[in-house]
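Take a look at the letters that make up each chain.
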6 protein chains.
Amino acid sequence: MKTNRGILIGRMQPFHNGHIQVIKKILEEVDEIIIGIGSAQISHDLKNPFTAGERLVMIKQSLVEHNIDPSRYYIIPMEDINKNAIWVSYIKMLTPPFNKIYSGNYLVKQLFYEEGYEVKTPPLFDRLKLSGTEVRKRMLNDENWQELVPNATVELVNEIKGIERIKNLSKKEISDM
Amino acid sequence: MKTNRGILIGRMQPFHNGHIQVIKKILEEVDEIIIGIGSAQISHDLKNPFTAGERLVMIKQSLVEHNIDPSRYYIIPMEDINKNAIWVSYIKMLTPPFNKIYSGNYLVKQLFYEEGYEVKTPPLFDRLKLSGTEVRKRMLNDENWQELVPNATVELVNEIKGIERIKNLSKKEISDM
Amino acid sequence: MKTNRGILIGRMQPFHNGHIQVIKKILEEVDEIIIGIGSAQISHDLKNPFTAGERLVMIKQSLVEHNIDPSRYYIIPMEDINKNAIWVSYIKMLTPPFNKIYSGNYLVKQLFYEEGYEVKTPPLFDRLKLSGTEVRKRMLNDENWQELVPNATVELVNEIKGIERIKNLSKKEISDM
Amino acid sequence: MKTNRGILIGRMQPFHNGHIQVIKKILEEVDEIIIGIGSAQISHDLKNPFTAGERLVMIKQSLVEHNIDPSRYYIIPMEDINKNAIWVSYIKMLTPPFNKIYSGNYLVKQLFYEEGYEVKTPPLFDRLKLSGTEVRKRMLNDENWQELVPNATVELVNEIKGIERIKNLSKKEISDM
Amino acid sequence: MKTNRGILIGRMQPFHNGHIQVIKKILEEVDEIIIGIGSAQISHDLKNPFTAGERLVMIKQSLVEHNIDPSRYYIIPMEDINKNAIWVSYIKMLTPPFNKIYSGNYLVKQLFYEEGYEVKTPPLFDRLKLSGTEVRKRMLNDENWQELVPNATVELVNEIKGIERIKNLSKKEISDM
Amino acid sequence: MKTNRGILIGRMQPFHNGHIQVIKKILEEVDEIIIGIGSAQISHDLKNPFTAGERLVMIKQSLVEHNIDPSRYYIIPMEDINKNAIWVSYIKMLTPPFNKIYSGNYLVKQLFYEEGYEVKTPPLFDRLKLSGTEVRKRMLNDENWQELVPNATVELVNEIKGIERIKNLSKKEISDM
């Protein structure tokens, strides 16, 4: 396959402006980008509040909002398999052929590196502010999380009552039953 | 189904007097109660010393001991599935139809709430003393755990040498092999 | 444990009069019976139309209908694990201790026999007519299936529109999409 | 969510002209279509020769070839979970919200119907000729399979040496080792 | 790794003289052989009567019986994973590095071929007589199966009462419970 | 089976001189030893850097290096199953029959003890220095890890660039994507 494809995998909990920046940068380097929604089976916990389907809507609508050509990306949910040594081949099973992997995660980098892939650190952006951790912290504390994400993420979160979900999940029982 | 059924899910590690109180209270509000033994596949660790089968005996015999009408409850082991978004439908697969969910766990409450169920906090009891954590702590320290649980739980624990099990599991290796 | 317990495992698709006869017979031989709902995770196919929860209601209500003492039985859903060599220990994890196993299935018999259990063939009844296969065939062909099952099974099947479900599942597509 | 979305799930082994026709018809009825690649984890057998990633390329490129607006569809690989009673909620976890389900498979229809969905039979096309079965048969027998599929499918199959794969998989061993 | 290693994977149900011949031949071509016990999790059915552990004893003791240098082989149980596209990487996770694959199974051949491995058909032997199918048929019919297998296989089968197991597993119920 | 077999299960991350000492001691007490590679499916994390296959090579070549009779040991990868109550029967499925279990892990000891096995603490060695934890710490800090392991382990680690792998895995991202 002659198409020059890169893959970017992240949990996208939630999809924020940093992701948009990275995707735009990568699209300057490749023909098409595969966006992997990592830990697709996980949701409804404080670090992973949103389902794969909810994240898919955030991503797709945000890319539309930013006028990114829809013929140039694939968005694919990817479940964890908990066997690092076969993870790369699992990703390959689910995706079109690709030749570049973009990741800031050192496990991901190492696994693809051992399989002979070209591994690149995603282009820089203001990581300290633009992280899923920061967005979720603001959601929990009624701070301005909206400025960190595309409108499409705001809309989806409102529609599913996402802030209420996160706040409810943060409550602790007095004792175990 | 016209039967008014409530469901109470807990790990019951072990089944103690607080559970009995809660079940009696719930039975004042519903026709039948479904008692879910959560994390059924887990046993032999310090937070989860007992198997699903051992917990089933504790619960059934305790309810008999308290003269609770056996035609009014179901006791069902439920394994974890580690996908929150489909957990409610897994519970529905294993159980008779129910309309009320009783839980003090905020994840459980949120998952059923999102599916449109009526979610109720179980009636109050002396939670600080009557918790699985407290019972297991006393078991480990040779304190009076027996006063916190029904006789049936005492008998089952003795029969399976449960105190010895817990003490053995609490030992630590000097180093990893 | 001094209680003399027997275990009977079947798919109960659906629960019929033959099961009732067998359970009554076994209860003449043991103190308590464990009724295992086999292949609990399977439903909505022609050989296994009903969920574990639906079968649980059939069984419990049928036993009530037949005035069988509810303190003498346990009804436990059991998922398949597809590793025959560890199946017996999986069953033991989910159940109270038992000493007799009743089964007409030669794989089940062999697995428990190799673990040193006393294995008994369930008491006889009119097997040619009273089988799950026969009941399901009649359901599909609008024949008199009701005479083969307890009233509680009839009621549950009607309530969930079980006949419609079976008939729908029996339809075949013209071709694969 | 106000968007009117339909979902179409199929194994797409391979993606053929019938699928294109159906998708075009459905897009006349809904705003957006979710295309589910069923049995995503299965490949390299005679009925399922292609991986999820390979099928994803076929579908995406075929839709581009037919000038279908890429902002109007989602293509999502879906693994089997082998528990019919929770399958619908698994699909919902992976997808944007949808309100119509298009399927010719009676199990799929029944499962969504029981969850209260509007279930529609996909618009008709020449099913006897345009089926995955027919395409695979022609591939194996060196007949004209190319006329039944979009060019993008032809290209992908050639690129991965798909005909060689199918022919190799059809060989039989003399005896089991 | 400079060691020239070949891998041979089979279900070995049971290990017979044909396997011995093949292993000896392969050891003329490589430094070391990896013997994979396929479908390791399956046992106690008519096509797969023996556990992985039982097959391991058969193989090891048979190789000792035939004076094959124990430093030149590895015997490794391998469970099925039911995802063909990642099976090769699963095998690689469990084994020392190897460069040649010996198999008569066309799926195995194809999967390794697509990963760039040198795939060889195992050296010939009298396959019509020397197959697992033939051995199991003779076991069931009290024919001379012993002549087809090493003494070590005979001994293990006798020790575990393997013939009784196979005969019991071949019995059929009159009807499904 | 008259053979007196012992089993030793460890993660062997990596295989070090302490393991060699223990194995030699155990071989003074039994005819054959089964060496179980625990957590076989885990690799590429800081506590478990090596795959099952890599560990298998370390162990086999180290035992050859120490002139231990290869007909007296089995080396078997064992995946975790996360259900303590059935773990013993899973181990039995994968292994030849054994009568003694050697372990310093109190969970392992308890599980086998409850199944009636003779459980022995492995013979002593200099545990504070000879632990997997210590070896991995030295690998990460460029200290002398080589003195703690057999030459075969050194060679395998070098061949797979194991030190680079461990150092890469120890890096931390600035923030989550």
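About the cut-offs
- Residues numbered from 1 in each chain as written.
- Chains lettered and ligands numbered in written order.
- Predicted model: local features only at pLDDT ≥ 70, side-chain atom pairs only at ≥ 80, totals over all residues.
- Heavy atoms only, no water.
- UniProt positions renumbered as here; feature names shortened; annotations may be inferred.
- Helix = DSSP H or I, 4+ residues; strand = E, 2+ residues; numbered from the N terminus.
- Rg over C-alpha atoms; globule rule 2.2 N^0.38 Å.
- Buried < 20%, exposed > 50% of the residue type's maximum accessible area, 1.4 Å probe, protein only.
- Areas by Shrake-Rupley, 256 points an atom, 1.4 Å probe, with all protein chains shown as cover.
- Lys, Arg positive; Asp, Glu negative; His and termini not counted.
- Charge placed at Lys NZ, Arg CZ, Asp CG, Glu CD.
- Contact = heavy atoms within 4.5 Å.
- Buried area = accessible area lost by both parts, 1.4 Å probe.
- Salt bridge = Lys/Arg side-chain N within 4 Å of Asp/Glu carboxyl O.
- Polar contact = N/O pair within 3.5 Å; in protein donor to acceptor, adjacent residues only side chain to side chain.
- Least-squares fit on C-alpha atoms with pLDDT ≥ 70 in both.
- Phe/Tyr/Trp six-rings, centres within 6.5 Å; stacked < 30°, edge-to-face > 60°.
- Lys NZ or Arg CZ within 6 Å of the ring centre and 35° of its normal.
- 1 Å grid on protein atoms, 1.4 Å probe; cavity = no way out; pocket = protein on both sides within 12 Å on 5 of 7 lines; lining within 4 Å.
- Points joined across faces, edges and corners; volume = space filled by probe spheres on them.
- Nonpolar A, V, L, I, M, F, W, Y, C, P; charged D, E, K, R; others polar.

An unreviewed UniProt entry lists chain A under the name Nicotinamide-nucleotide adenylyltransferase, with Methanobrevibacter woesei as the source organism. In its Subcellular location (unreviewed entry) section, the UniProt entry covering chain A states "Cytoplasm". As recorded by UniProt, the Pathway (unreviewed entry) comment attached to chain A reads in full: "Cofactor biosynthesis; NAD(+) biosynthesis; NAD(+) from nicotinamide D-ribonucleotide: step 1/1."

A. The overall build of chain A, seen in detail. A count of helical and extended segments in chain A gives 7 helices and 5 strands. From first element to last, N terminus to C terminus, chain A shows the α and β order β-α-β-α-β-α-β-α-β-α-α-α. For 177 residues, the compact-globule formula gives about 16 Å, and the C-alpha radius of gyration of chain A, at 17 Å, lands near that figure. Overall, the C-alpha framework of chain A stretches about 55 × 40 × 25 Å when taken along its three principal axes. Taking all 177 residues of chain A together, 63% fall into the buried category. In the structure as shown, chain A presents an accessible area of about 6800 Å², 48% of it carried by carbon and sulfur atoms. Each charge class in chain A was averaged separately, 24 positive and 23 negative side chains, and the resulting centres sit 2 Å apart.

B. Inspection of the interface of chain C and chain B at higher detail. Between chain C and chain B, the contact holds 29 residues from the first and 29 residues from the second. For the pair chain C and chain B, the two sides together bury roughly 2200 Å², of which 61% comes from carbon and sulfur. Connecting chain C to chain B are 0 salt bridges. Remark: the boundary between chain C and chain B carries 8 residue pairs in polar contact (both at pLDDT 80 or more).

C. Structural view of the relation of the copies chain C and chain E. At an RMSD of 0.0 Å, chain C and chain E line up after a rotation of 120° and a shift of 0.0 Å along the axis. Taken together, the turn and the small shift mark the pair as related by a three-fold rotation axis. Looking at the rotation axis and the C-alpha trace of chain C, the residue lying nearest is N82 of chain C, at 7.3 Å.

D. Local environment of the arrangement of the chains. The two units chain B and chain E remain apart, with a minimum C-alpha distance of 19 Å. A gap remains between chain D and chain F, with no contact made and the closest C-alpha atoms lying 19 Å from each other.

E. Structural context of the packing of aromatic side chains. Across all of its chains, the model carries 24 aromatic pairs over all chains by this definition. For the pair W87 of chain A and F112 of chain A, a centre-to-centre distance of 5.7 Å together with 80° between the ring planes defines the contact as edge-to-face. Note that W87 of chain A is positioned in helix α3 (residues 84-94) and F112 of chain A in helix α4 (residues 106-114), a separation of 25 residues in sequence. With 5.3 Å between their ring centres and 90° between their planes, F112 of chain A and Y117 of chain A make a pair best called edge-to-face. By relative accessible area, which is 18% here, Y117 of chain A ends up buried. One aromatic cluster is present, formed by W87, F98, F112 and Y117 of chain A through successive ring pairs. Positioned over the ring face of Y74 of chain C is K60 of chain B, at 4.0 Å from the centre of the ring. The ring centre of Y106 of chain F lies 5.3 Å from the NZ or CZ of K109 of chain F, which sits over that ring.

F. Molecular detail of the layout of surface pockets. Roughly 2600 Å³ of internal volume is contained in the largest pocket. Around the largest pocket sit 48 residues that line it, and K83 of chain A, K83 of chain B, K83 of chain C, K83 of chain D together with K83 of chain F are the ones nearest its centre. Contributing elements (two or more residues each) for the lining of the largest pocket: α3 of chain A, α3 (84-94) of chain B, α3 (84-94) of chain C, α3 (84-94) of chain D, α3 (84-94) of chain E together with α3 (84-94) of chain F. In terms of residue class, the lining of the largest pocket is made up of 18 nonpolar, 12 polar and 18 charged.

G. Region of interest: unusual backbone geometry. Here the amide bond leading from Q13 of chain B into P14 of chain B is cis, since omega sits at 0°, within 30 degrees of zero. On the secondary structure map, P14 of chain B appears in the loop between β1 (5-10) and α1 (17-29). Even without glycine at this site, K161 of chain A takes up a positive phi of about 55°. In the Ramachandran plot, N82 of chain C falls in the positive-phi region, its phi being about 60° despite a non-glycine side chain. Its place among the elements puts N82 of chain C in the loop between β3 (73-77) and α3.

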